[in-house]
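Listed below are the residues making up each chain.
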2 protein chains.
Amino acid sequence: MEHALKEFIKQCDLAIKQEDFDTLMNYYTDDAILVIKPGMIARGKEEIKTAFIKIAKYFNNSLVPTQGEMIILEAGDTALVISQTFLEADKNDSEYSMERRATYVFKKSQQGEWICAIDNSYGTDLVNK
Amino acid sequence: MEHALKEFIKQCDLAIKQEDFDTLMNYYTDDAILVIKPGMIARGKEEIKTAFIKIAKYFNNSLVPTQGEMIILEAGDTALVISQTFLEADKNDSEYSMERRATYVFKKSQQGEWICAIDNSYGTDLVNK
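Source: prediction; values computed, not measured.

What counts as what
Residues numbered from 1 in each chain as written. Chains lettered and ligands numbered in written order. Predicted model: local features only at pLDDT ≥ 70, side-chain atom pairs only at ≥ 80, totals over all residues. Heavy atoms only, no water. Phe/Tyr/Trp six-rings, centres within 6.5 Å; stacked < 30°, edge-to-face > 60°. Helix = DSSP H or I, 4+ residues; strand = E, 2+ residues; numbered from the N terminus. Buried < 20%, exposed > 50% of the residue type's maximum accessible area, 1.4 Å probe, protein only. Pairing = 2+ DSSP bridges. Axes fitted to C-alpha atoms, helices over the stretch in contact; angles between N-to-C directions. Contact = heavy atoms within 4.5 Å. Salt bridge = Lys/Arg side-chain N within 4 Å of Asp/Glu carboxyl O. Least-squares fit on C-alpha atoms with pLDDT ≥ 70 in both.

Draft legend 1. Quick look at the packing of aromatic side chains. Applying the stated criterion across every chain, the model contains 14 aromatic pairs over all chains. Residues A:Phe8 and A:Phe106 carry aromatic rings whose centres are separated by 5.6 Å and whose planes lie at 90° to one another, so their mutual orientation is edge-to-face. Highlighted residues: A:Phe8 in helix H1 (residues 4–17) and A:Phe106 in strand E5 (residues 99–108), separated in sequence by 98 residues. As far as burial versus exposure is concerned, A:Phe8 and A:Phe106 are alike and both buried. Each ring, one from B:Tyr58 and one from B:Tyr96, has its centre 6.0 Å from the other, and the planes form 55°; the classification is tilted. Residue B:Tyr58 is found in helix H3 (residues 44–58), and its partner B:Tyr96 is found in the loop between strand E4 (78–88) and strand E5 (99–108); the two are separated by 38 residues along the sequence. Linked through ring pairs, A:Phe8, A:Tyr27, A:Tyr104 and A:Phe106 together constitute an aromatic cluster.

So this is what it looks like as structure tokens:
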């Protein structure tokens, strides 16, 4: 059986593809953050939803994220996922990389469900090589 | 004032330099994990302490970690730190990189103190480029 987090991230990617941002917001903690781009952060569900709507538009409403190789580092009720993230879209001039090595931090709720606290698709590219 | 996490990581680096692993273990959660090297994980304080003793020996008891550029992504009681990590040691033949872009996950205790849950100095290098 696949790790629950791998299934969960598939659901997130599907919601992004379908632009079902209300469902997507269920997958984030109330004080979650999303790195929109280096130096720009959305904080909380409202800002994150607004950011996803803008991101969808930027990618001509054709964004399809998928994950490649994935490492899940689980420590009790906290997990760090290191993942190859591929972005596909009908857009040839994106100024952002369509192949990333992302870092996602998840927390396990008291009901045993994972939700995303920190969504940083830029991974360690936020600091100098 | 520096971010509390930056100060905290300095204390961790100092404890590693001084090989004060009992103090160092106070800085980890009970179910913390340390990525010793790709594919090898220490889980819990006992395993992490043993790993640090072996790492110190591997580096001829001369290991000095320091941090360069650092990005702190804070979401409520959870934080992901992306950090340039430099390792110095009297050892010229290490098979591991001495310059890394690390990912550290911290949790804030009910007393408001940060402690390390996931210590992965290899960052996104755990998955394919």
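Draft legend 2. Looking closely at the sheet that holds strand E2 (residues 40–43) of chain A. All names here are of chain A. Strand order in the open sheet formed by six strands is E2-E1-E6-E5-E4-E3, with mixed pairing between adjacent strands. Because the sheet does not close on itself, it has two edges, and the strands there are E2 and strand E3 (64–75). Taking the axes of each pair of neighbouring strands and ignoring which way they run, one obtains an average angle of 25° across the sheet. Each of E3, strand E4 (78–88), E5 and strand E6 (114–120) touches H1; the most contacted strand, E3, lies at about 150° to it. This element, helix H3 (residues 44–58), spans strand E1 (28–37), E2 and E6 of the sheet and lies at about 35° to E1.

Draft legend 3. Summary view of the pattern of salt bridges. Residues and elements named next belong to chain B. One pass over the structure, following the stated rule, counts 10 salt bridges over all chains. Here Lys 10 makes a salt bridge to Glu 7, at a shortest N to O gap of 3.9 Å. A residue pair is termed a helical-turn pair when its members lie 3 or 4 positions apart in one helix, as Lys 10 and Glu 7 do in helix H1 (residues 4–17) at three residues. Judged by relative accessible area, Lys 10 falls into the partly exposed class, the value being 44%. Note on Glu 7: relative accessible area 36%, which makes it partly exposed.

Draft legend 4. Spatial organisation of unusual backbone geometry. Residue and element names in this part refer to chain B. Not every positive phi belongs to a glycine, and Asn 60 is a case in point at roughly 55°. As for its placement among the helices and strands, Asn 60 is situated in the loop between H3 and strand E3 (64–75). The phi torsion at Asn 61 lies on the positive side, around 50°, for a residue other than glycine. With relative accessibility at 47%, the residue Asn 61 sits in the partly exposed group.

Draft legend 5. The relation of the copies chain A and chain B, seen in detail. Placing chain A over chain B gives an RMSD of 0.0 Å and needs a rotation angle of 180°, together with 0.0 Å of translation along the axis. On this basis, the relationship between the two copies can be described by a two-fold rotation axis. Closest approach to the rotation axis among the C-alpha atoms of chain A is made by A:Thr124, whose C-alpha sits 3.3 Å away. Looking at chain A, 100% of its interface residues are interface residues in chain B too, so the copies touch through the same face.

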